[in-house]
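Coordinate inspection notes
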Amino acid sequence: MLCSSSSLALLLPPASSPSLLSFRRLSRLRSSPLSAAGLSRVTSRTLAFSARTESISTMANDEENVGNVKKLLARVFELSLQATVPDETDVEPIVTASTVGRFGDYQCNNAMGLFSKLKGKGGGQFRGPPAVGQAIMKNLPQTEMIESCSVAGPGFVNVVLSNKWMAKSILKMLLDGIDTWAPKLSIKRAVVDFSSPNIAKEMHVGHLRSTIIGDTIARMLEFSHVDVLRRNHVGDWGTQFGMLIEHLFEKFPNIEAVNETAIGDLQAFYKASKQRFDDDSEFKERAQKAVVRLQGGEKRYRDAWAQICAISRREFDSVYKRLKVELEEKGESFYNPFIPSVIEGLTNQGLVEESEGARVIFLEGFNIPLIVVKSDGGYNYASTDLTALWYRLNEEKAEWIIYVTDVGQQQHFEMVFKAAKIAGWLPTEANKFPRTSHVGFGLVLGEDGKRFRTRSTEVVRLVDLLDEAKSRSKAVLEEREKDKDWTEEEIDQTAEAVGYGAVKYADLKNNRLTNYTFNFDQMLSDKGNTAVYLLYAHARICSIIRKSGKDVEELKQTGVLSLEHQDERVLGLHLLRFSEIVEEACTNLLPNILCEYLYNLSENFSKFYSNCQVIGSAEETSRLLLCEATAMVMRKCFFLLGITPVYKI
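Rules behind the numbers
Residues numbered from 1 in each chain as written. Predicted model: local features only at pLDDT ≥ 70, side-chain atom pairs only at ≥ 80, totals over all residues. Heavy atoms only, no water. UniProt positions renumbered as here; feature names shortened; annotations may be inferred. Pairing = 2+ DSSP bridges. Helix = DSSP H or I, 4+ residues; strand = E, 2+ residues; numbered from the N terminus. Buried < 20%, exposed > 50% of the residue type's maximum accessible area, 1.4 Å probe, protein only. Polar contact = N/O pair within 3.5 Å; in protein donor to acceptor, adjacent residues only side chain to side chain. Contact = heavy atoms within 4.5 Å. Expected span 1.5 Å × (residues − 1). Phe/Tyr/Trp six-rings, centres within 6.5 Å; stacked < 30°, edge-to-face > 60°. Lys NZ or Arg CZ within 6 Å of the ring centre and 35° of its normal. Core = buried A, V, L, I, M, F, W, Y, C linked by side-chain atoms within 4.5 Å. Axes fitted to C-alpha atoms, helices over the stretch in contact; angles between N-to-C directions. Right-handed = clockwise from strand over helix to strand, strands pointing away. Parallel < 35°, antiparallel > 145°, perpendicular 65-115°, else oblique. Nonpolar A, V, L, I, M, F, W, Y, C, P; charged D, E, K, R; others polar.

- By the naming in an unreviewed UniProt entry, the chain goes by arginine--tRNA ligase and is assigned to Linum trigynum.
- What the UniProt record of the chain gives under Function (unreviewed entry) is the line "Forms part of a macromolecular complex that catalyzes the attachment of specific amino acids to cognate tRNAs during protein synthesis."
- UniProt, in the comment section headed Catalytic activity (unreviewed entry), describes the chain in these words: "tRNA(Arg) + L-arginine + ATP = L-arginyl-tRNA(Arg) + AMP + diphosphate".

Here you go:
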């Protein structure tokens, strides 16, 4: 049934109307929203919406959310709510994707809450939530987005999107690029603090989660038009440098000659210096004095410290290069000069107190204080982290500061954040900016259920793990005799993409708060929810397009896309949910949401391809365009997850 009755339709803008705002102004001229009396005659029927020339052209008029279906629908329901309850000016549309497809694609869930609100104010114009839902549905403006609506249960307004609009939106993305589907967040700048290894220690499997989770969060925020400051808060300052410097002086009196070759294994060098520190009291005393000289700025000690940091940094950078992770180092030493003034400021506010020789901040809700100056006068993690937070808020002007560390540090950061709120650096309201978030993650376990280690109980080095992943991936390619058709470079690049991608995806697909078991056989399987399966699926789509012999760029310009078959529609709808999924993953800081979307996209494509002939069919052009759209969205998902796609397999 067309929504053509003047008593049921909002005033519509002319086809040349420049914006949705002008339509909002027109909507206020509506003569009579659907009344309660009128509702009593309405049954639970479906309303069909015609895509007329005067309807809202949401694709053209809402450029900010051009690819976000949920937000586009929210704008439409906002107009309906204004007409339904004009006196309630603070009602935000609650639009969600439908979990049960047979009821619709999306639903508006305002009816129950709105009825309770009106009832509490003594308003009796509606008999119950279903009546509110009917009114919301009837007051919806016509829009080319919506094919039909219905009301179910306690007033849920179910929406079925128009196939024509869906196809048009996907084709527009193919022409304008996937970046037009990027979500728009409410912040301009964020800091993501991740990886953060310690100088003179090699990166191990424990750094894997922080590095790749942090990188993915940074990528998703950057895609969402946020200026992201990627910070590597390395442990490059502290008492351990006294023993490292003294050991360096013993081994190499001329430190200018020191390099990676001379020192050898930096991890072994660290262990040797720690052993000397524990066993030799004279060495320990010299090491403690070395810390004082280093912190006092004595050139010889500063130079030795710089040498150790430089060697470590080169090792870290080689790992980051392999993982394609970009970071800007601002370690503990960077913030050290700012600590005294920050502590002084907190003291002047009356927040810092003396306790057992130390200077601390007592925080309600915690049974231990936050120590900001140790009893020996030295600084600690809390001193540095508070100062880093102050710097990021005041100097770098960050609106959202995200810390990616293991869950064991959760209480520490909760205390730092609470101290910042008491100091007035951060708002006390949870939904206000600037804000801070601790992104905790669980452990990487071995198959024995314990921390993942080597057989000699050593922590697994990250470089060894990556080498093994690439080696196993390459062996599979050679077993399939790809070396007969591919160049050595192609095999090497594919083995690296698949191997490293498998390691990353095996981590990212899990809820970060949980522990996960590291298993090469599972992560390198080409079946199930693995990077290998997804990369192969993408390669197959590329192969289909190549085999067609058609120029897909030309098809984008001249072809028409349609979604008439049910499996075409299911795939198209899933593609259109990409933007809101990325926004959800960003907002909740959960990369596994994006992984789940990617896996389901691959499954939906497989079903489509099994039931819908592509090459040689009457619908070949349309279906090739749908293949290309799927490949484009998959590639963007891979990019956001830090995984390199493969194009043949």
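Some points on the sheet that holds strand S6 (residues 189-193)
- Spatially, five strands are ordered S8-S7-S6-S12-S13 in an open sheet, and the strand pairing comes out parallel. Two strands in the sheet have a free side with no partner beyond their single neighbour: strand S8 (328-329) and strand S13 (435-441).
- Relative to S13, strand S12 (residues 400-406) is paired through seven bridges, and the arrangement is parallel. Residue pairing across strands places Val-404 opposite Val-439, the latter belonging to S13.

Some remarks on the side chain of Ser-333
- Its location among the elements puts Ser-333 in helix H14 (residues 332-335).
- On the accessibility criterion, Ser-333 (19% relative accessible area) is buried.
- Only 2.6 Å separates the side chain of Ser-333 from the side chain of Asp-236, close enough to count as a polar contact.
- Once residues lying within four places of it in the same chain are set aside, the contact partners of Ser-333 are Asp-236, Trp-237 and Trp-305.

Examining helix H26 (residues 620-640)
- Taking 1.5 Å of rise per residue, 21 residues should cover 30 Å, and H26 covers 30 Å from first to last C-alpha, within 8% of that figure.
- Most of H26 sits out of view: 18 of its 21 residues are buried.
- Downstream of H26 by one or two residues, Gly-642 has phi in the positive range, about 75°.

Things to note about the packing of aromatic side chains
- For the structure shown, the criterion picks out 17 aromatic pairs.
- On the basis of an interplanar angle of 85° and a centroid distance of 5.0 Å, the ring pair of Phe-518 and Phe-520 is categorised as edge-to-face.
- The exposure class assigned to Phe-520 is buried, which follows from its relative accessible area of 13%.
- Ring centres 6.0 Å apart and planes at 10° place the aromatic pair Phe-605 and Tyr-609 in the stacked group. Placement of the pair is Phe-605 and Tyr-609 together in helix H25 (residues 591-611), with a separation of four residues, close to one helical turn.
- A network of ring pairs unites the aromatic residues Phe-334, Tyr-335, Phe-338 and Tyr-391 as a single cluster.
- Positioned above the aromatic ring of Phe-639, the side-chain terminus of Arg-219 is 4.8 Å from the ring centre.
- A cation sits over an aromatic face here: Lys-330 above Phe-334, 5.0 Å from the ring centre.

Side note on the environment of Gly-424
- Along the chain, Gly-424 falls in the loop between helix H17 (410-422) and S13.
- Sequence spacing of Gly-424 and Gln-349 is 75 residues, and the spatial spacing of their C-alpha atoms is 10.0 Å.

With respect to unusual backbone geometry
- Following Phe-433, the chain continues to Pro-434 via a peptide bond in cis, the omega torsion being 0°.
- Phi at Ser-195 takes a positive value of approximately 75°, unusual for a residue other than glycine.
- Tracing the backbone through its elements, the reader meets Ser-195 in the loop between S6 and helix H8 (205-223).
- The backbone phi angle of His-225 is positive, close to 70°, even though this residue is not glycine.

A closer look at the nonpolar core
- In terms of nonpolar packing, the biggest core is built from 163 residues, with Leu-161, Leu-221, Leu-465, Phe-578 and Val-633 touching the most fellow members.
- Here this core takes 12 residues from H26, the largest share from any one element.
- Leaving out residues up to four positions away in the same chain, Leu-221 has contacts with Leu-185, Ala-190, Val-192, Val-226, Val-228, Trp-400, Ile-402 and Cys-586.
- Among the nonpolar cores identified, the runner-up in size contains 29 residues, and Val-342, Met-415, Ala-420 and Leu-426 belong to it.

Digging into the sheet that holds strand S9 (residues 353-355)
- Ordered by their spatial adjacency, three strands build an open sheet running S9-S10-S11, and the pairing between neighbours is antiparallel. In the strand order of this sheet, the two ends are held by S9 and strand S11 (370-373), each with one partner. Each adjacent strand pair in this sheet contributes to an overall mean axis angle of 50°, direction not counted.
- As defined by bridge partners, S9 adjoins strand S10 (residues 358-361) across three bridges and the pair is classed as antiparallel.

With respect to the pairing of S13
- Counting buried positions along S13 yields six of seven residues, so the element is predominantly enclosed.
- Chirality of the crossover, the property in question, places the unit of S12, H17 and S13 among those that are right-handed.

Details of the packing of H8 against H26
- Put simply, H8 and H26 touch, their axes get as near as 8 Å, and they point 130° apart. Considering the angle they form, H8 stands oblique to H26. Contacts between H8 and H26 involve Thr-216, Arg-219, Met-220 and Phe-223 from the former and Lys-636, Phe-639 and Leu-640 from the latter.
- Within the contact of H8 with H26, the residues separate by chemical class into four nonpolar, one polar and two charged.

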